[in-house]
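An overview of the molecular structure
Okay, here's what each chain looks like letter by letter:
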Amino acid sequence: MYMLGFLFVPAGHAASAADVSGFPTPLAEAVTTYERGDFEAAAVQFWQLRGRYPEHAGAVAYFEGAALQELGLPQAASDDLDAVVKRGVDEPYFAQALVRLGRVADTLGDDSDLQRIASEVPLDRVPEELRDRLSWLHGLDLYQSEHLSQAVQALESVAVTSPYHVRATYVIGVIRTQQSKLKSGVRAFRDVILTPSAEPRYVDLALLNTARVYYGIEQFDTAEVYYQQVPRGDAWADAVYERAWSEFMRNDLNRTLGDLLTLKAPQLQDTVYRPKRHILEALAWFNVCHYEEADRLMRAFTATWAPVRDALGPVAAAETGAGEAYDRFFDTGAAAFPAALRNEIGKDRVVAAAVAHRAAIRDERARLTTMRPAFLASIGVDVGHALDAADAEAHRRA
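First things first, this report covers the structure right here in the doc. This one's a predicted model, so the numbers in the text were calculated from it and none came from an experiment.

As a further point, take helix 11 (residues 200-216). Look at helix 11: 24 Å from first C-alpha to last across 17 residues, which is about the 24 Å you get at 1.5 Å a residue. For helix 11, the buried fraction is high: 14 of the 17 residues fall into the buried class. Taken from the residues just after helix 11, E218 is the one with a positive phi, measuring 65°.

Of note in the backbone geometry, E146 takes a positive phi value of approximately 70° without being a glycine. Along the chain, the position of E146 falls in the loop between helix 7 (128-144) and helix 8 (148-156). When its relative accessible area of 68% is taken as the criterion, E146 is described as exposed. The backbone of N251 sits at a positive phi, close to 65°, despite the residue not being glycine. Structurally, N251 is set in the loop between helix 13 (236-249) and helix 14 (253-263). The exposure class of N251 is exposed, given its relative accessible area of 54%.

Here we take up the nonpolar core. Formed by 93 residues in total, the largest nonpolar core has its most connected members in F46, L68, L134, W136, Y170 and F375. Broken down by element, this core gets its largest block of residues, ten residues, from helix 11. Non-local contacts of F375, meaning those with residues more than four positions away in its chain, are made with E40, A43, V44, L68, L71, L73, L368 and G380. In terms of nonpolar packing, the next biggest core, distinct from the first, is built from 15 residues, W236, A237, A244 and L257 among them.

Conventions and cut-offs
Here the residue numbers are simple positions, counted from 1 along each chain's written sequence. Whole-chain, interface and lining totals are the exception, using all residues; otherwise, since this is a predicted model, local features are given only for residues with pLDDT of at least 70 and side-chain atom pairs are given and counted only at 80 or more. As a rule here, side-chain values cover all heavy atoms of the structure and leave hydrogens and water aside. Labels follow the DSSP assignment, with helices taken as runs of H or I lasting at least four residues and strands as runs of E lasting at least two, numbered in each case from the N terminus. Multiply 1.5 Å by the residue count of a helix minus one, and that product is the helix's expected span. Relative accessible area decides the class of each residue, using a 1.4 Å probe on protein chains only: under 20% of the type maximum gives buried, over 50% gives exposed, and in between gives partly exposed. What we call a nonpolar core is a set of buried Ala, Val, Leu, Ile, Met, Phe, Trp, Tyr and Cys residues that are connected through their side-chain atoms within 4.5 Å. The contact definition used throughout considers only heavy atoms, calling two residues in contact when any of these lie within 4.5 Å.

In C-alpha cells form, the structure reads like this:
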C-alpha cells in the first residue's frame, strides 16, 4: 500500500595529468593521446593494450572507459569502469572509476548498476561526492530485499545536507509504517513535507502516505486533510480515489460520487487508470438504494475490464519471457490494453528507468556511427556488442 517513488552531470575531463612514470611506453603514449583530447585515437590505443600488461589492467580499463565516456558513449564506458571498480578499493583508479559511473548513471537515467555497486563496495571507501548517493541506493536495495532494519541504518547515514536526504527520510517513513511504527513513520513523512528543498514528488508521496496511515487507523477526517493537499501530479489520482473511499467510510456519499466523477473526466481517460472506482461508485449508489444504477455499473465494469484481464493473462504467464511480456504490453499487443493502463505501468520506477536506458542506448548507437573508420573497425565492434547486451538487459528489466 505504501508507495516508493523516485535523477546529468557532464563527464568532465581528467582533473589532472596522470602519473605515467611507471607505465610501459605504449601505455604512457596512449595516456598522452587521451590527455591531448583525441579520445577516439586514445580509445583504440587502450583497446589494443588489453591483456598486454596485467599489472596495469586497471589503468587500461579506466582510461579506455574514460575515453569512451568523453566520446559520448557512456554505456560502452560503463563496462570498462565497472571492471575497474570490481578490482576492489585497492585499485588506484577505483575512486575515479566510481565517480565516472555515477555520471554514467545520470546520463543513462538509470541507477540500477550503481545500486548493485552500492551493495558490493565498503561505503567508507567511496569518494565523498558519491557517498550519500550510494548510501541511499544501498538502503533502497536493502529495503527491496526486505532487510528493513539494515535499510534504516543505511538510510540514516545519508547526511542532512545531501540532496538524497529527503529520499532517504521518505523511505524510512515507508519502512516504519510497514513495521507498524506509525508515529515514527508519520514523523518521517512530515520531515519530508516540511523540507523547503524537497523534490515535489517526494512531498506528494509523503502527503499521500500520511493520509494512508490515518485512513488505516480509521481517522478519516484527518486522512482527508492530507489527501486534499496532494497537488496534481503522479500521486494525485491515487489521492482522489482513496479520498473517495474515506468519504464513503464516513457515509458522505455526495462527496464520494463527486470525487469519482472527477476521475471520470474525459481529459483523464488516457492517463488515469483506476478501474475499481466503478465498484466504489456502484457501492455508493447501492447505499442510497439506486439498485438499478449499481447493477448497471457492475455490468459495465465486467464488460469493460474482463477483456483487459484476459489479455493480461498471456503477458503475466510464467513461460513468457520478460522482454516478450514488455513487447506484448507496450508494442505488439498494446491495442488490447487501455492507454491509461500503459501510462500507469510506464510510471513505475524500474520500468521508467529501463525505458530511459534503452532510449539512451539508441542515441549511443547513432553516436557510434559517427566515429572514424579506424575506431569502428577495432574497438567499435566491441562497443556494438556491448550496446546489444545492455539493450537486451534493459529490455528484460522493463
